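Geometric and topological summary
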Amino acid sequence: MDEDGFAELLMSEDRKKWQNPRDILLQIGDFKETTIADLACGPGFFTIPLANMIDESSKIYAVDHSSTMLKHLKTNLERSVPADSLKHVSIIDADVTNTTIPDHSIDIAIFANVLHDLDDPKLFFDELKRISSTNCRVVDIDWHKQRVDDMGPPPEIRLSENDSRTLLNQNGYYVVHALNAGQYHYGLVCRRNS
Ligand SMILES: C[S@@+](CC[C@H](N)C(=O)[O-])C[C@H]1O[C@@H](n2cnc3c(N)ncnc32)[C@H](O)[C@@H]1O
């Protein structure tokens, strides 16, 4: 499958049946007066509902290193988000380990389906620390280790929920609560140890 096809698959109606992004986001809280980073946002599976949940005091940084994914993100945002909200979304073409997000500006950082894919998670966590505000919550959503229904990445590259908890702990985060992220995924909301 090429990247355009993958971007379409990520936004498919079928996916929304087994993983509803709005239902997941509602478990995190509200997004009023909140600065959010969607790190490795892809074509906007979480960015689009987020952009429809923020208020005029909120801001979203949507980061991805793929120009194809960002092309789809722009089209999807223009199609599904009112202009008033759209102006609060900044698209950043960058690696998640080296973004242009201002220091200590982020209240909620979401990274979905990407931690298992990073060559050096330490660099990612260093960047996360740089961009996070003091009370920042970070949200890790990823595939369960066991592959079911022939979907998602190969099991050998996946991180189990325990692997992710360990990685988060090693990088200074503790899990505050788990999310219902659909039958194929786990979701972890974390804060940084002081
Ligand atoms: C499986 S998609 C997930 C997209 C979205 N978070 C979702 O759940 O639908 C993974 C995304 O991560 C992006 N990505 C992977 N590694 C990255 C990196 N080091 N920096 C920025 N983006 C990255 C890819 O381009 C792709 O858009």
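See above for the structure.
Definitions and limits used
- Residues numbered from 1 in each chain as written.
- Predicted model: local features only at pLDDT ≥ 70, side-chain atom pairs only at ≥ 80, totals over all residues.
- Helix = DSSP H or I, 4+ residues; strand = E, 2+ residues; numbered from the N terminus.
- Rg over C-alpha atoms; globule rule 2.2 N^0.38 Å.
- Buried ≥ 20, exposed ≤ 12 C-beta atoms within 10 Å, placed from the backbone.
- Contact = placed C-beta atoms within 7 Å.
- Pairing = 2+ DSSP bridges.
- Near = placed C-beta within 6 Å.
- Nonpolar A, V, L, I, M, F, W, Y, C, P; charged D, E, K, R; others polar.
- Axes fitted to C-alpha atoms, helices over the stretch in contact; angles between N-to-C directions.
- Parallel < 35°, antiparallel > 145°, perpendicular 65-115°, else oblique.
- Left-handed = near helix turned anticlockwise from the far one by under 90°.

Here's the deal with the overall build of the chain
- Tallying secondary structure elements over the chain gives eight helices and seven strands in all.
- What you see for the chain is a C-alpha radius of gyration of 15 Å, in line with the 16 Å of a compact globule of 194 residues.
- Going through the 194 residues of the chain one by one, you find that 38% of them count as buried.
- Restricting to contacts in the chain with at least 6 residues of sequence separation, those with at least 24 account for 70%.

Looking at the pairing of strand E1 (residues 35-39)
- Within E1, five of the five residues are buried, leaving the element largely enclosed by the surrounding structure.
- Neither face of E1 is left uncovered, since the one carrying Thr35, Ala37 and Leu39 and the one carrying Ile36 and Asp38 both have all their residues buried.
- With five bridges joining them, E1 and strand E2 (residues 59-64) adopt parallel strand pairing. Bridge pairing in E2 places Ala37 opposite Tyr61.
- Pairing of E1 with strand E4 (residues 106-112), which is carried by four bridges, proceeds in the parallel orientation. By the bridge assignment, Leu39 is partnered in E4 with Phe111.

With respect to the site of the ligand
- By nearness alone, 16 residues border the ligand, and Ala40, Gly42, Phe45, His65 and Ser66 come closest of all.
- In terms of residue class, the shell around the ligand is built from nine nonpolar, four polar and three charged.

Digging into the sheet that holds E1
- Reading across the sheet, the seven strands line up as E3-E2-E1-E4-E5-E7-E6 and stay open at both edges, with mixed pairing between neighbours. Across the chains shown, the open sheet's two edge strands, defined by having one partner strand only, are strand E3 (89-93) and strand E6 (173-179). In this sheet, neighbouring strand axes are inclined to one another by 20° on average, regardless of whether the strands run parallel or antiparallel.
- In this sheet, strand E7 (residues 185-192) lies alongside strand E5 (residues 132-143) in antiparallel orientation, the contact comprising seven bridges. Within the sheet, the bridge partner assigned to Trp143 lies in E7 and is His185.

Side note on the packing of helix H1 (residues 3-10) against helix H5 (residues 67-80)
- Two elements in contact, H1 and H5, have axes whose closest approach is 9 Å; the angle formed by their N-to-C orientations is 45°. Taken together, the axis directions place H1 and H5 in an arrangement best described as oblique. Along this stretch, H1 crosses H5, giving a crossing that reads as right-handed. Contact residues: Glu3, Asp4 and Ala7 in H1; Thr68, Met69 and His72 in H5.
- A breakdown of the residues in the contact of H1 with H5 according to their chemical character gives two nonpolar, two polar and two charged.

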